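What follows is the residue order along each chain.
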There are 2 protein chains.
Amino acid sequence: MSLTEKNAVVSRLLASHGEEIAAHEHLTPQDMARGLDAGRMVLLANPAHKNVSPTLIGQPARVKVNANIGTSPMINDVAMELKKLRLAEQAGAHTVMDLSTAGDLDQVRLRILEASPLPLGTVPLYSVAQPYVAKGQDPSDFTAEELFEEIEKEAEQGVDFMTLHCGVTARAAAMASDGRRILGIVSRGGALLARWMKRRNAENPLLEHYGRLLKICLKHNVTISLGDGLRPGAGADAGDAAQWEEVSVLGDLARQALDHGVQTMIEGPGHVPLHLVQAQIQGIKRLTNNAPLYVLGPLTTDAAAGYDHIAGAIGGAQAAYHGADFLCYLTPAEHVTLPGPEDVWDGVKASLIAAQSAETALGRPWAVERDLAISRARAALDWEAMADNALDPHTLRKRRKDFHKEKECAMCGAFCAIRMLEGAEHGVCDKG
Amino acid sequence: MSLTEKNAVVSRLLASHGEEIAAHEHLTPQDMARGLDAGRMVLLANPAHKNVSPTLIGQPARVKVNANIGTSPMINDVAMELKKLRLAEQAGAHTVMDLSTAGDLDQVRLRILEASPLPLGTVPLYSVAQPYVAKGQDPSDFTAEELFEEIEKEAEQGVDFMTLHCGVTARAAAMASDGRRILGIVSRGGALLARWMKRRNAENPLLEHYGRLLKICLKHNVTISLGDGLRPGAGADAGDAAQWEEVSVLGDLARQALDHGVQTMIEGPGHVPLHLVQAQIQGIKRLTNNAPLYVLGPLTTDAAAGYDHIAGAIGGAQAAYHGADFLCYLTPAEHVTLPGPEDVWDGVKASLIAAQSAETALGRPWAVERDLAISRARAALDWEAMADNALDPHTLRKRRKDFHKEKECAMCGAFCAIRMLEGAEHGVCDKG
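Everything numeric in this text was worked out from a predicted model, so none of it was measured.

Moving on to the overall build of chain A. Regarding its fold elements, chain A presents 19 helices and 10 strands. Whereas a compact globule of 432 residues would reach a radius of gyration of roughly 22 Å, chain A reaches 23 Å, a difference of no more than 12%. Dimensions of chain A along its principal axes, counting C-alpha atoms only, are 85 × 45 × 40 Å. Looking at chain A as a whole, 66% of its 432 residues are labelled buried.

Under the fitted operation, chain A is carried onto chain B by 0.0 Å of movement along the axis and a turn of 180°, and the coordinates agree to an RMSD of 0.0 Å. Within this description, the copies of the chain are treated as partners about a two-fold rotation axis. Ranked by how close their C-alpha atoms come to the rotation axis, the residues of chain A are headed by I314 of chain A, at 2.2 Å. Looking at the interface residues of chain A, 100% of them are also at the interface in chain B, so both copies use one shared face.

Quick look at the sheet that holds strand β7 (residues 223-226) of chain B now. Residue and element names in this part refer to chain B. With respect to topology, 8 strands assemble into a closed barrel ordered β3-β4-β5-β6-β7-β8-β9-β10, the strand pairing being parallel. Across this sheet, the average inter-strand angle for adjacent strands is 25°, counted without regard to direction. Sheet strands touched by helix α4 (residues 78-91): β3 (64-69) and β4 (95-98). Its angle to β3, the strand with the most contacts, is close to 165°. Along the sheet, helix α12 (residues 241-259) makes contact with β7 and β8 (264-268), crossing β8 at roughly 165°.

It is worth spelling out the packing of aromatic side chains at this point. Residue and element names in this part refer to chain A. Inspection of the entire model under this criterion finds 10 aromatic pairs over all chains. Look at F142 and W196: their rings are 6.2 Å apart centre to centre, the planes differ by 25°, and that puts the pair in the stacked class. Of the two residues, F142 is situated in the loop between α6 (124-134) and α7 (144-157) and W196 in helix α9 (residues 188-200); the sequence distance between them amounts to 54 residues. Comparing F142 with W196, the two get one shared label, buried. Aromatic side chains Y294 and F326 sit 4.0 Å apart centroid to centroid with 20° between the ring planes, which places their arrangement in the stacked category. With Y294 in strand β9 (residues 293-296) and F326 in strand β10 (residues 326-328), the pair connects residues that are 32 residues apart, well separated along the chain. Here Y294 and F326 have matching classes, each one buried. Among the aromatic residues, those joined into a cluster by ring pairs are F161, Y294 and F326.

A word on the sheet that holds strand β7 (residues 223-226) of chain A. Residue and element names in this part refer to chain A. On the basis of which strands lie adjacent, the closed barrel formed by 8 strands has the order β3-β4-β5-β6-β7-β8-β9-β10 and parallel pairing. Going across the sheet, the axis of each strand differs from the next one's by a mean of 25°, ignoring polarity. Taken together, the 3 bridges between strand β4 (residues 95-98) and strand β5 (residues 120-122) define a ladder with parallel strand orientation. Each bridged residue has a counterpart across the sheet, and for M97 the counterpart in β5 is G121. Contacting β3 (64-69), β4 and β5, helix α5 (residues 105-115) crosses the sheet at an angle of about 160° to β5.

Attention shifts here to the pairing of β9 of chain A. All names here are of chain A. Burial of β9 is two-sided: the residues L293 and V295 facing one way and the residues Y294 and L296 facing the other way are all buried. In this sheet, β9 lies alongside strand β8 (residues 264-268) in parallel orientation, the contact comprising 3 bridges. Bridge assignment links I266 to a residue of β9, and that residue is L293. Of the strand pairs in this sheet, β9 and β10 are connected by 3 bridges, and their pairing is parallel. Each residue of the ladder has a partner; that of Y294, found in β10, is F326. For the handedness criterion, the β-α-β arrangement of β9, helix α14 (residues 308-321) and β10 is classed as right-handed.

Attention shifts here to the pairing of β8 of chain B. Residues and elements named next belong to chain B. By the criterion of burial, β8 is predominantly enclosed, with 5 of the 5 residues buried. The alternating pattern of β8 places T264, I266 and G268 on one face and M265 and E267 on the opposite face, and all of these are buried. Bridge count between β7 and β8: 3 bridges; the pairing is parallel. Within the sheet, the bridge partner assigned to L226 lies in β8 and is I266. One crossover worth recording links β7 to the parallel β8 by way of α12, and it is right-handed. Each parallel crossover has a hand, and the one from β8 via helix α13 (residues 277-287) to strand β9 (residues 293-296) is right-handed.

Once that is clear, we can look at the packing of α14 of chain A against helix α14 (residues 308-321) of chain B. The N-to-C vectors of α14 of chain A and α14 of chain B enclose an angle of 55°; their axes lie 9 Å apart at closest approach. Classed by the angle they form, the pair α14 of chain A and α14 of chain B counts as oblique. Like other packed secondary-structure pairs, α14 of chain A and α14 of chain B cross with a definite hand, here right-handed. For the pair α14 of chain A and α14 of chain B, the contacting residues are H309, I310, A313, I314, A317 and Q318 of chain A in the first and H309, I310, A313, I314, A317 and Q318 of chain B in the second. Residues belonging to the contact of α14 of chain A with α14 of chain B are distributed by class as follows: 8 nonpolar, 4 polar and no charged.

The next point concerns the layout of surface pockets. Rolling a probe over the atoms, with the probe sized like a water molecule, indicates the empty space that remains. The calculated volume of the largest pocket comes to roughly 1400 Å³. The wall of the largest pocket is formed by 42 residues, among which P332, E342 and D346 of chain A together with E342 and D346 of chain B lie closest to the centre. Of all elements in the fold, only α4 (78-91), α14, α15 (341-361) and α18 (393-400) of chain A together with α14, α15 (341-361) and α18 (393-400) of chain B reach the threshold of two or more residues within the lining of the largest pocket. Tallied by class, residues from the lining of the largest pocket come to 17 nonpolar, 12 polar and 13 charged. Empty space within the second largest pocket amounts to approximately 620 Å³. Lining the second largest pocket are 28 residues, and of these H24, R62, K64, G92 and H94 of chain B sit closest to its centre. Elements with a contribution of two residues or more to the lining of the second largest pocket: α2 (8-24), β2 (55-57), β3, α15 and α16 (365-379) of chain B. Among the elements that make up the lining of the second largest pocket, the one with the highest residue count is α15 of chain B (5 residues). Across the lining of the second largest pocket, the residue classes break down as 14 nonpolar, 7 polar and 7 charged. A domain-level breakdown of the lining of the second largest pocket finds at least three residues from each of domain 1 (3-363) and domain 2 (366-426) of chain B.

Each partner contributes residues to the interface: chain A has 107 residues there, and chain B has 107 residues. Overall, the association of chain A and chain B removes approximately 8800 Å² of surface from exposure, summing both partners, and the carbon and sulfur fraction of that is 69%. By the criterion of area lost to chain B, the three top residues of chain A are M74, M411 and F415 of chain A, representing 10% of everything that side buries. One can count 2 salt bridges joining chain A with chain B. Summed over the shared surface of chain A and chain B, the number is 28 residue pairs in polar contact (both at pLDDT 80 or more).

The rules behind these values
- Residues numbered from 1 in each chain as written.
- Chains lettered and ligands numbered in written order.
- Predicted model: local features only at pLDDT ≥ 70, side-chain atom pairs only at ≥ 80, totals over all residues.
- Heavy atoms only, no water.
- Helix = DSSP H or I, 4+ residues; strand = E, 2+ residues; numbered from the N terminus.
- Rg over C-alpha atoms; globule rule 2.2 N^0.38 Å.
- Buried < 20%, exposed > 50% of the residue type's maximum accessible area, 1.4 Å probe, protein only.
- Least-squares fit on C-alpha atoms with pLDDT ≥ 70 in both.
- Contact = heavy atoms within 4.5 Å.
- Pairing = 2+ DSSP bridges.
- Axes fitted to C-alpha atoms, helices over the stretch in contact; angles between N-to-C directions.
- Phe/Tyr/Trp six-rings, centres within 6.5 Å; stacked < 30°, edge-to-face > 60°.
- Right-handed = clockwise from strand over helix to strand, strands pointing away.
- Parallel < 35°, antiparallel > 145°, perpendicular 65-115°, else oblique.
- Left-handed = near helix turned anticlockwise from the far one by under 90°.
- Nonpolar A, V, L, I, M, F, W, Y, C, P; charged D, E, K, R; others polar.
- 1 Å grid on protein atoms, 1.4 Å probe; cavity = no way out; pocket = protein on both sides within 12 Å on 5 of 7 lines; lining within 4 Å.
- Points joined across faces, edges and corners; volume = space filled by probe spheres on them.
- Domains from an automatic or database assignment.
- Buried area = accessible area lost by both parts, 1.4 Å probe.
- Salt bridge = Lys/Arg side-chain N within 4 Å of Asp/Glu carboxyl O.
- Polar contact = N/O pair within 3.5 Å; in protein donor to acceptor, adjacent residues only side chain to side chain.

Here it is as structure tokens:
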């Protein structure tokens, strides 16, 4: 039996929305079903998430962009998170992750689920550790049972995908912590699990009880986003043995999940110098049987703090061009503070620019057509058509508005190259 | 005789500052002299520009970043341009171009030259056309004689490099205007010359009198930035016959200049889809005998108006990685309006991120060391060292300051991955 036969939710979704989803992605329903059965695509949608927009991830479907929101111990304001959610939607994010680590986490999560049709992702490890942190205890005091109860609860609430760092084995965590790395373990979930294992001299509970996890996820069609707990946190750490050890485990886990009808994605780096992005993407894809790859950046330099959305767009464009399917945004706040509303907007736009750049290069019709439409509008100095086709119509209109009476932009004015050739045959230039 | 023998200014500069410049670039003075003699490098410095910092361009010297400033017919404020100049310097630009097209152009230029040691570039075509535009005449009413007088005057004033679109032949301009392009000619200087030629049924005066140009430039060591008047203005136009026709002419002109002891750079695109950036850079380098390549972006999508500094950073990183030597910034205002002070800052930073990404990938020691220093500072949660080594210490410190009492950043707080593993052996976590 194939995944689309084993997974009742996916099966029903294909029957009810298959044509529509495939058409939006410029695919045939057959292409989509084959991609899902091969584990090359996933369809995010937990039926308990009311009004969720089922979202297909896996090229040649459109590259998708995720926005992370959520409270932190120092900045904890639910209204602010809902504002960020709205901005992420308006900016064009395809999914959202709630990474809250402070306040009433169930309330935040339920309000986000209620407020948005975008597939929602979470990191249940944060939620299970948070009460211990709040009580002044060790964050790794939670039990394996509590972790699975949290996962099950969130699945019932309607979470569509969960980052679960199942591949952080005791062996791999030790490899990442032996002093050879510049920046050890930088994933919060990965570090938390490594701490949990070290204190108990035990193996990763998500790995030890992987079968239990698969059952929960199959029931609710929760897509497992196999977390890269050992992703490089410095360019110098990219591609080391610890990273590949984890990727190799993730490849096995993705195959097991597929056999059980459970959808999985693979999370990827992180910090990767430009010349290694292609090798990273192709290497991870190979080891994970071409499962959808969900990358964080990658950042092509460590030195861009305050502008990591730009460093992430450089790496993200390369990554998507070489096969990454899903870009997690980075905001200007990355490595410094919790993103504010403007950061969310800028982060989504930067990732969309990366995706558009990659998809134009790959010849995807929707991307090529968009670029062409803007260029044609430029040739006609048609500002409305430029805005309509821009990745951010709002910002373009806002910046343009002070000079909207002029046909040319305020950079060139009478020196507009487009107008310079008008009437040149007759020596007539209406700019005088 | 070699260039460093024929060009008296360069020869004197090498004797007086050669050791210092070479050391800054991690080169030997011999490497530098060989690069200059081969035309693979240029040393920007017009002796009439008081206190100019002689600036070497051509990899493996450091990749340089240029910031464009200047008035426009709709926004014309000298004080604002001087403010933008200061911000460009503070942000880390290596050169500045004054692209003013309105007001007292001599005054603006002289004040910039006086105010800044950064090599200054101009486009004399704008200055020679501007009085005609101001008087309500056709912008192409200027004579060839007036154009050369303008070039000579600016050389005497101290301009260090000039964009001169010598390769816009009547034949090439016709190829770019025959309707096959989406966006014809988008370079202001290129369009102006095409108009000039078409109205007179004449050849490009900069090409016809190239010998006269070389004499002026040799005398003052003005580096000719051979303008790409026919650069693609749409991704769909990248790499067409008109573009290569001009590049081929530029290659010949660069060789002629070198024979006369005159330094030249080649200007490059523009709008180039991601998958064509490598071919563009390598193709241009090959046809121009590896002359220093000065690119505008390239923009990897046309759809990022309002964020073209990001689309330009994606293409700029790729371009510099494949051999481009000099990045002209793009700002968030590109394609919309004249950049304001914040745009200048953001544009320089985006280009520096692209350069840093490329140079880290190329293994340049200064770039690799910077990334390493930040990563080590992150491992130590040493915020001062992070800021000291960041491409924008100011922004990092500003965003961090609200939470400066906490060792962790406000994104993770007690969930800091770095701290998560502290004391894990003993089950002690100071975050409680």
